[in-house]
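The lines below spell out each chain.
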Number of protein chains: 2
Amino acid sequence: MENTVSQIMVTKSDGRIVSFDPNKIIRVLRKVGAEEQAISLILQQTYKILYEGIPTKKIYKSVFGNLKRMDKSIAGRYNLKNAIFALGPSGFPFEKYVGSLFIAEGYFVKTGVSVSGQCVEHEVDVIAENISELNMMECKFHSTNKIYCSIQHSLYVRARFWDIENSWKEENVDSSKMFFGWLVTNTRFSTDAITYGTCSNLKMMSWDFPLNNGLRDRIDKLGLHPITAIVSLLKKEKQKLLDMGVVLCKGLNTDILKSLGIDESRIPDIMKESTNLCRKNK
Amino acid sequence: MENTVSQIMVTKSDGRIVSFDPNKIIRVLRKVGAEEQAISLILQQTYKILYEGIPTKKIYKSVFGNLKRMDKSIAGRYNLKNAIFALGPSGFPFEKYVGSLFIAEGYFVKTGVSVSGQCVEHEVDVIAENISELNMMECKFHSTNKIYCSIQHSLYVRARFWDIENSWKEENVDSSKMFFGWLVTNTRFSTDAITYGTCSNLKMMSWDFPLNNGLRDRIDKLGLHPITAIVSLLKKEKQKLLDMGVVLCKGLNTDILKSLGIDESRIPDIMKESTNLCRKNK
C-alpha cells in the first residue's frame, strides 16, 4: 500500500511540490510520543485522504484531527508550533514564554528592561542571568511561518548587544561573568542570518535551531508547553488564561479553571490532558 | 501686514499645527539664490492664499508656482528635495547619484558591488575610494518624507561595515588608508539613529545632516542638480533621460535633447535653465 501512494505529489506551504513521504509523519509522531499502533492507524487514515497535489497543510490537519480523538495531550504536542503562534498577536507573551524556558533552567529572568549601551539605551526583551552568565535576548515573534529572521535582523541585534556588552564590560572590568547576546524567534532564520550570527558570536534560537536544542526541543525537554497547546480548552478560555498571566500548562490548576467559569464536569479531562502534555519528554 | 497674519496657524505634513512664519520662506528663498525683489513678491502672493489651518504643502506649492513663472532655475533649486524623490521609485538611480557626488569630489567610484566580510558577503551600494580613504555606503532611498532611517538601520549598517572592515584590515595590514562605513538617505534619520551612528563612528548623510554638509548642501556646492529638477522638462522626458543614464543636469546637451525628439524651439530655454540650475551655489 505504501508503495502505491509513495509517488503522490504534495504541495508545501511555500508552493514547492514534493513526493509524499510517510516517514516524515512517522518521525514526527514518534517524537511527540505517539504509540506505534496509533501511528499505524493515523497513517491508514492519511492514505485515505491523499490526492495528487494535496496541500501538506491538509495532511497536517487530518493527522491532528485523528490524534485529537486518540490522545489529546499527544495532539497538543504535535500542534506545538501552532500553540506558540497562538501566544500572539503581540510579541509580549512570547517574550514571557522564552523567559520561562530560562527560569526552568535556573536562571534569574527579567523581561522588557531598558539597558544602557555605550552609545544609546536599548529595550531588552529578556535578560537571563546566573552566577556565570549574563544573557540578553531580542525576541522576534512572528504570527506566520512565512515571516522569518533575515541577515538584517542578525546584523542589527549583533550591533545592539555589542553596544550593551561594551558598556557592561567597562562597568564590570573585574567580572568573570560571560556576556551573551541572543536573537530568538518562533519561526526560522535565513541561511545567511545563521552564517553571520554564528560567525559573530551571536547566540541564536529558532523553532528548530540549533539542531536538537531549538525552541521545540527545549520545550519538550523542560515540559514547558504553553496553555495554548491544550486541546480541551476553547480559544476564548485560552485567551482568558493568557490575560490572567497563565502561560504554561504547568501553572494550571483546578481552582484557576473554576475561576474561569468552566463547567466542573470538564475539569478532570482538562487537568489530565495538561498534566500529560507538560510531562517532560525523553 | 505681517503682524496681522503672523498669528495664522498652518498644518504641517506630520499633523502638527504651528504659527505661519514668513522668515522661513525668506531664508529658503535666499538659500536657493532668489533676488530680494522676487522674495518680496512671492511673500505678497503667499499672504493672499493663507487661511487658518492651511497645509504647509499648499504654501510650498504656491511658492513653487510663483517661482516657476519668475525664474525656472531658482524654482528647480527650491524643489530639489522633490527632484530627488523623482529619481525613484527604485533606489538604483539614487545610488548612482550619490556616487556622482563623490566622483565630483575626486573619488574613484563603484556602485552595486559584492564585498567579502569576515562572516558573509555584502552587497555594497556605493564604494568611493581615493589615495587616503575607502568609503563604503549603504543608500536608503525613500519615496516619501514620512519614511526615515531608524536606529535599526544605523545598527545593522554599522554591523555590516564592521564585518567588511575586519576582513579588509586582515587583508590590508600595512595599508595607511582609512576605512569608513556610511549610511546615506534622501530623507532623514531619527534622533537615536544619529546618536548611535555618530557614537559608533558610522558616517551618516541625510537631506540635511550633517549640518551644512548634508545632501542638499553638497548638491548646491558641487552644482550637481539632478535632471529631475529641470522645470521646463515634462515628466516623461525626465524619465527618458533617466532611462538613458543621464542623471545630472551637467550631463545634458542639445544633442541629447534633440535625440529625445524635443521640439528645437524649446531647447534653448531648457539648456539655459539647466546651466543656471547646476551653476555652483556659494
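Counting starts from 1 at the beginning of each chain's written sequence and moves along it residue by residue. To label them, take the chains in the order written and letter them from A, then take the ligands in the order written and number them from 1. Reporting in this predicted model follows two pLDDT cut-offs: at least 70 for local features of residues, and 80 or more for side-chain atom pairs to be given and counted; totals over whole chains, interfaces and linings ignore these cut-offs and use all residues. Calculated side-chain values reflect all of the structure's heavy atoms, with hydrogen atoms and water omitted.

This paragraph deals with the domain arrangement of chain A. Buried accessible area, meaning the area lost when the parts come together, often serves as the stated size of an interface. What marks off one domain from the next here is an automatic or database domain assignment. The assigned domain composition of chain A is domain 1 (2-70) and domain 2 (92-222). Averaged C-alpha coordinates put domain 1 of chain A and domain 2 of chain A at centres separated by 34 Å.

On to the pairing of strand S6 (residues 133-140) of chain B. Regular strands have side chains that alternate between both faces of the sheet. Residue and element names in this part refer to chain B. A large share of S6 lies buried, amounting to seven of its eight residues. Where strand S5 (residues 121-129) meets S6, four bridges bridge the pair, whose relative direction is antiparallel. Of the residues in S6, the one forming a bridge with Glu 129 is Leu 134. Linking S5 back to S6 in an antiparallel pair, the connection comprises three residues. Crossover handedness is defined by viewing with both strands directed away from the observer: a clockwise path from the first strand over the helix to the second marks the crossover as right-handed. Under the DSSP-based scheme used, a helix requires at least four consecutive residues in state H or I and a strand at least two consecutive residues in state E, with every element numbered from the N terminus. Considered for its hand, the β-α-β crossover made up of S6, helix H8 (residues 151-171) and strand S7 (residues 178-185) is right-handed. Relative accessibility under 20% of the residue-type maximum defines a buried residue, over 50% an exposed one, and the middle range a partly exposed one, all with a 1.4 Å probe and only protein chains included. Only strands that DSSP links by at least two bridges are regarded as paired with each other.

Residues and elements named next belong to chain A. Looking at where Thr 185 falls in the secondary structure, it is placed in strand S7 (residues 178-185). At 3.3 Å, the side chain of Thr 185 forms a polar contact with the backbone nitrogen of Thr 187. Note on definitions: a residue-residue contact is assigned when non-hydrogen atoms from the two residues lie within 4.5 Å. Not counting the four nearest positions on each side in its chain, Thr 185 is found in contact with Phe 94, Lys 140, His 142, Cys 149, Met 205, Ser 206, Trp 207 and Leu 215. Nitrogen and oxygen atoms within 3.5 Å of one another constitute a polar contact, given that in protein one can donate a hydrogen and the other can accept it, and given that sequence-neighbouring residues count only through two side-chain atoms.

A separate point is the state of the cysteines. A pair of sulfur atoms, both from cysteines and within 2.5 Å, is called a disulfide here. Applying the stated criterion across every chain yields a total of two disulfides over all chains. The side chain of A:Cys199 participates in a disulfide bridge whose partner is B:Cys119; the two sulfur atoms lie 1.9 Å from each other. Because the sign of the S-S torsion sets the handedness, a value of about -75° for the bond joining A:Cys199 and B:Cys119 places this disulfide among the left-handed ones. Residue A:Cys199 is found in helix H9 (residues 191-199), and its partner B:Cys119 is found in the loop between strand S4 (108-116) and S5; the two belong to separate chains. Relative accessible area serves as the criterion here: at 16%, B:Cys119 is assigned to the buried category. Left unpaired, B:Cys139 is separated from the closest cysteine sulfur, that of B:Cys149, by 10 Å. On the accessibility criterion, B:Cys139 (8% relative accessible area) is buried. Free cysteine: B:Cys249, not disulfide-bonded; nearest cysteine sulfur from B:Cys278 at 3.1 Å.

The next subject is helix H11 (residues 235-243) of chain A. All names here are of chain A. Residues of H11 that are buried: Glu 237, Lys 238, Leu 241 and Leu 242. The buried residues of H11 occupy an angular sector of 140° when the element is viewed end-on, so they sit on one face. In H11, the exposed positions that point more than 90 degrees away from the buried face belong to Lys 235, Lys 236 and Asp 243. Gly 245, located one to two residues past H11, shows a positive phi value of around 90°. Within this analysis, the arc is defined by the directions that extend from the helix axis to the C-beta atoms.

Okay, a positive patch on the surface next. Each patch is built from residues lacking any salt bridge and having more than 30% relative accessible area; the joining distance is 9 Å for like charges and 5 Å for nonpolar side chains (Val, Leu, Ile, Met, Phe, Trp, Tyr). Residue-level accessible areas treat just the shown protein chains as cover; the underlying method is Shrake-Rupley with a 1.4 Å probe. Each salt bridge in this description consists of a side-chain nitrogen of Lys or Arg and a carboxyl oxygen of Asp or Glu lying within 4 Å of one another. In this tally, Asp and Glu contribute negative charge and Lys and Arg positive charge; neither His nor the terminal groups of the chain are included. Charged side chains are reduced to one point each, which is NZ for Lys, CZ for Arg, CG for Asp and CD for Glu. Where like charges cluster on the molecular surface, the positive patch consists of A:Lys68, A:Arg69, A:Lys72 and A:Lys272. With respect to the secondary-structure elements, A:Lys272 resides in helix H13 (residues 267-277).

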